[in-house]
Amino acid sequence: MQQQAAAQAVLDLRSLINDLVNDGRMSQEDANVLLGANRTRKQSVMHPLAYIATQNVEDVSRAGKLLDGEALTQWMADRVHLPIFHIDPLKIDVPKVTAVVSYAFAKRHEILCVGVTPDEVVIACAQPFVEGWEPQVEHVARRKIKKVFANPADVTRYQIEFYTLARSVSGASGGKSSVVTNFEQLVELKSLGDAEADDKHIVNIVDWLLQYAYDQRASDIHVEPRREVGRVRFRIDGVLHDVYEFPASVAMAVVSRFKVLGRMNIAEKRKPQDGRIKTLRADDSEVELRLSTLPTAFGEKLVMRIFDPEVLLRSFHDLGLVGDDFKRWDGMLSRPNGIVLVTGPTGSGKTTTLYSSLRKLATSEVNVSTIEDPIEMVEESFNQTQVHHKIELDFAAGIRTLMRQDPDIIMVGEMRDLETAQMAVQAALTGHLVLSTLHTNDAPASVARLLDLGVPAYLINATVLGIMAQRLVRTLCPHCKEPGEMKRDDWDALVSPWKVNMPDTVYRPVGCLECRNTGYLGRQGIYEIMLMSDPVKDMVGENCNLQALRKQAMREGMRTLRLSGAQKIAAGLTTMEEVLRVAPPPERAER
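Computed from a predicted structure; not experimentally measured.

Within the chain, the regular secondary structure consists of 25 helices and 18 strands. Its C-alpha atoms give the chain principal-axis dimensions of about 90 × 60 × 50 Å. The buried share of the chain, taken over its 591 residues, is 52%. Sequence-distant contacts in the chain: of pairs separated by 6 or more residues, those separated by 24 or more amount to 64%. Within the structure as shown, the chain displays about 27900 Å² of accessible surface, and the carbon and sulfur contribution to it stands at 48%.

The following block contains the structure:
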């Protein structure tokens, strides 16, 4: 762009390409190809920067890199001397920003309000030389304007998403808006006819929530009622993030809509309920959700656990189960009979570990059966049964029935009581491999838990092959992590009582677009695996000394959760703070 261009000049493709060539960002050959190409009707209405970003043109100034949306946005922001703004929808108050200007006004001028403070409004623009809108916005908002430049593709996308959501919320609560855009219908289930829940605005809001949660890699959706509003939060990589606040009446209708889709009783609001939904994403892949409602002071709270097959059924390497830990785990799974236990708190990845293990074991030569409460995700390679307490089908009854189904491998969702534990022991004694979970802090404590349930020590020694405790730590974003510092005293305290050399380089989180400026992207497990060797079995009894048991297991190669985390730190995968956040401290582990 030439600075002498008129204030109202709209960016055009030819001028942008010439400027990219002059700035040494695009080769003349690529420029000639782009200028000579026949653009489709869809491409012709795209912003020229967004169009260039789709053409996979090499960035001459960065060997091996392309002129993608991020590079072009940074280049343009530098040229027009505007701050660059990366639109993160989780950090934007949608009701506030959409109230500043109308959708038609924002679309006409290719702008989007992205922030409102008592003193100013932040306006992201895709046309930096179009300025006619500024006095009008200042007059309406009664605040100064802070003008920033954002990726034009993001401006267009979030114009539609923000204003469509605002329209749906306003329409559902009796207000008015000016946007006429619908999201793709995601849930393909027949409605049960609840008028409020089937309102088109509520349908749009529900579809947006689901699509948004999938895009943000959320594992849980929380809809929480308050006195005047309903708050929506997503759990991403184990941490909850505020997403949106609806009027209380809208939040109640959203909960009702989800209950309709989950085949739950929408008239019953006093009792907790459970349900399931299977949805289709835009790429036609299926995602299942498990719904749970709970009556609270201000209405029903709804939590939805998202079971994405791509996340739930992962390889052991993706889970972080590698090296000696994998050899120990694989050795236990290779045994023809016995009990293998996975332990840890809720959300520590036990289900993912068990499903991934069962998928590996479920060949055409064996019969794999499960009894779960509830079935986390339907998997075709094994037979799954859900607990139904109303018809007296609990874990113990389920195992008793499975024993007559000629199983080779049985997975029990959880050992909660003595009867379930006894049936699992009987299954192991009669030649079956049994996988199950317990809720304890570490692996040795599971032995005490079984003893507390009333399982005799001799049966524990005869059936239990090994116990694995696990936690999930957030992994550093590979796109932005950089070397950091660590105190030797902190490292020595982490790996105690082992003498492990501190790594030469440790990394710290920074934050970028890929990780939404958190510095972390995804999670992996840290593991503590205790094998039931003969010396360990000799220590199992009514007055079992857990501290002595733990020391014996460590002499035989068991690594504590904190030491497993230290190995992840040394490999540059996570941080000291993450390991300390999830791994039990030594004083708790010694109990």
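Attention shifts here to the packing of helix H18 (residues 443-453) against helix H22 (residues 546-555). Relative orientation of the contacting elements H18 and H22 amounts to 135°, with a least axis distance of 9 Å. As far as their axial angle goes, H22 and H18 are oblique. Judged by the twist between their axes, the crossing of H18 over H22 is right-handed. In this structure, H18 uses Pro444, Ala445, Val447 and Ala448 to contact H22, whose residues at the interface are Leu546, Leu549 and Arg550. Residue composition of the contact of H18 with H22, grouped by class: six nonpolar, no polar and one charged.

Scanning all chains against the criterion turns up eight aromatic pairs. Consider the rings of tryptophan 208 and tyrosine 212, whose centres lie 4.8 Å apart with planes at 40°: the pair is tilted. Of the two residues, tryptophan 208 and tyrosine 212 are both situated in helix H10 (residues 200-215); the distance of four residues between them amounts to about one turn of the helix. When its relative accessible area of 5% is taken as the criterion, tryptophan 208 is described as buried. For tyrosine 212, a relative accessible area of 4% corresponds to the buried category. Measuring from centroid to centroid gives 6.0 Å for tyrosine 355 and phenylalanine 382, while their planes differ by 65°, and the two rings are edge-to-face. You can see tyrosine 355 sitting in helix H15 (residues 350-361) and its partner phenylalanine 382 sitting in the loop between strand E11 (368-372) and strand E12 (383-386), a full 27 residues away along the chain. With relative accessibility at 5%, the residue phenylalanine 382 sits in the buried group. Taken together, the ring pairs in this structure connect Trp208, Tyr212, Phe234, Tyr244 and Phe246 into an aromatic cluster. The ring of tyrosine 520 has arginine 474 lying over it, and the distance from NZ or CZ to the ring centre is 4.2 Å. Stacked on the ring of tyrosine 507, the Lys or Arg lysine 481 has its end atom at 4.8 Å from the ring centre.

It is worth spelling out the sheet that holds strand E9 (residues 299-307) at this point. Strands sit in the order E6-E5-E4-E9-E8-E7 across an open sheet of six strands; the sheet is antiparallel. Whereas interior strands pair on both sides, the edge strands pair on one side only; in this sheet they are strand E6 (239-247) and strand E7 (273-280). Pairwise comparison of adjacent strand axes, ignoring direction, gives a mean angle of 20° for this sheet. Strand direction decides the pairing type here: strand E5 (residues 229-236) and E6, joined by eight bridges, are antiparallel. Along E6, the bridge assignment pairs valine 232 with tyrosine 244.

Those places that UniProt annotates as "domain: Bacterial type II secretion system protein E" (unreviewed entry) correspond, in this numbering, to residues 403-417. For the annotated span residues 403-417, helix accounts for 0% and strand for 27% of the residues, and the straight-line distance between the end C-alpha atoms is 19 Å.

Now for a negative patch on the surface. Judged by side-chain charge, Asp489, Asp490, Asp492 and Glu577 come together as a negatively charged surface patch. At three residues, the largest contribution of residues to the negative patch is made by helix H20 (residues 488-495). Its place among the elements puts aspartate 490 in helix H20. With a relative accessible area of 40%, aspartate 490 lands in the partly exposed category.

A separate point is the nonpolar core. Formed by 87 residues in total, the largest nonpolar core has its most connected members in Met26, Phe234, Phe246 and Phe258. For this core, the element with the most residues is H10, which contributes nine residues. Every residue in contact with phenylalanine 258, bar those within four places of it in the chain, is listed here: Val206, Leu209, Leu210, Ile277, Leu291, Leu302 and Met304. In terms of nonpolar packing, the next biggest core, distinct from the first, is built from 41 residues, Ile371, Val387, Ile460 and Met554 among them.

This brings us to H15. For an α-helix the count is 3.6 residues per turn, leaving residues at separations of three or four pointing the same way. Relative to the 16 Å expected for twelve residues at 1.5 Å per residue, H15 spans 17 Å between its end C-alpha atoms, a close match to the ideal helical length. Taking burial as the measure, the twelve residues of H15 include nine buried ones, the bulk of the element. When we look at burial in H15, the residues that qualify are Lys350, Thr352, Thr353, Leu354, Tyr355, Ser356, Ser357, Leu358 and Leu361.

Our focus in this paragraph is the sheet that holds strand E13 (residues 409-412). Reading across the sheet, the seven strands line up as E12-E11-E13-E14-E10-E15-E18 and stay open at both edges, with mixed pairing between neighbours. Edge positions in the sheet fall to E12 and strand E18 (520-531), since each of these pairs with one other strand and no more. If you compare each strand with its neighbour and ignore which way they point, the axes differ by 20° on average. Looking at chain direction, E11 and E13 are connected through four bridges and run parallel. What sits directly across from valine 368, in E13, is isoleucine 409. Sitting on the sheet, helix H23 (residues 561-570) touches strand E15 (464-476) and E18, and the angle it makes with E18 is about 135°.

Tracing the sequence through the fold places glutamate 268 in the loop between helix H11 (248-261) and E7. Classification of glutamate 268 by relative accessible area gives buried; the value is 14%. Beyond its immediate sequence surroundings of up to four residues, glutamate 268 is in contact with Lys259, Gln273 and Glu300.

With that settled, consider the pattern of salt bridges. Inspection of every chain in the model, using the stated rule, returns 26 salt bridges. When the shortest N-O distance is used, the salt bridge between glutamate 288 and arginine 276 registers 2.8 Å. Linking glutamate 288 in strand E8 (residues 286-296) with arginine 276 in strand E7, this pair joins segments that are twelve residues apart in sequence. By relative accessible area, glutamate 288 is classed as buried at 10%. By relative accessible area, arginine 276 is classed as partly exposed at 27%. Across the pair aspartate 373 and arginine 416 runs a salt bridge, and its minimum N-O distance is 3.2 Å. Linking aspartate 373 in the loop between E11 and E12 with arginine 416 in the loop between E13 and helix H17 (418-429), this pair joins segments that are 43 residues apart in sequence. A residue is classified by how much of its surface remains accessible, and aspartate 373, at 28% relative accessible area, is partly exposed. One salt-bridge network, in which partners are shared between bridges, spans Glu224, Arg226, Arg231, Arg233 and Asp242.

Rules and cut-offs
- Residues numbered from 1 in each chain as written.
- Predicted model: local features only at pLDDT ≥ 70, side-chain atom pairs only at ≥ 80, totals over all residues.
- Heavy atoms only, no water.
- Helix = DSSP H or I, 4+ residues; strand = E, 2+ residues; numbered from the N terminus.
- Buried < 20%, exposed > 50% of the residue type's maximum accessible area, 1.4 Å probe, protein only.
- Contact = heavy atoms within 4.5 Å.
- Areas by Shrake-Rupley, 256 points an atom, 1.4 Å probe, with all protein chains shown as cover.
- Axes fitted to C-alpha atoms, helices over the stretch in contact; angles between N-to-C directions.
- Parallel < 35°, antiparallel > 145°, perpendicular 65-115°, else oblique.
- Left-handed = near helix turned anticlockwise from the far one by under 90°.
- Nonpolar A, V, L, I, M, F, W, Y, C, P; charged D, E, K, R; others polar.
- Phe/Tyr/Trp six-rings, centres within 6.5 Å; stacked < 30°, edge-to-face > 60°.
- Lys NZ or Arg CZ within 6 Å of the ring centre and 35° of its normal.
- Pairing = 2+ DSSP bridges.
- UniProt positions renumbered as here; feature names shortened; annotations may be inferred.
- Patch = residues over 30% accessible without salt bridge, like charges linked within 9 Å, V, L, I, M, F, W, Y side chains within 5 Å.
- Salt bridge = Lys/Arg side-chain N within 4 Å of Asp/Glu carboxyl O.
- Lys, Arg positive; Asp, Glu negative; His and termini not counted.
- Charge placed at Lys NZ, Arg CZ, Asp CG, Glu CD.
- Core = buried A, V, L, I, M, F, W, Y, C linked by side-chain atoms within 4.5 Å.
- Expected span 1.5 Å × (residues − 1).

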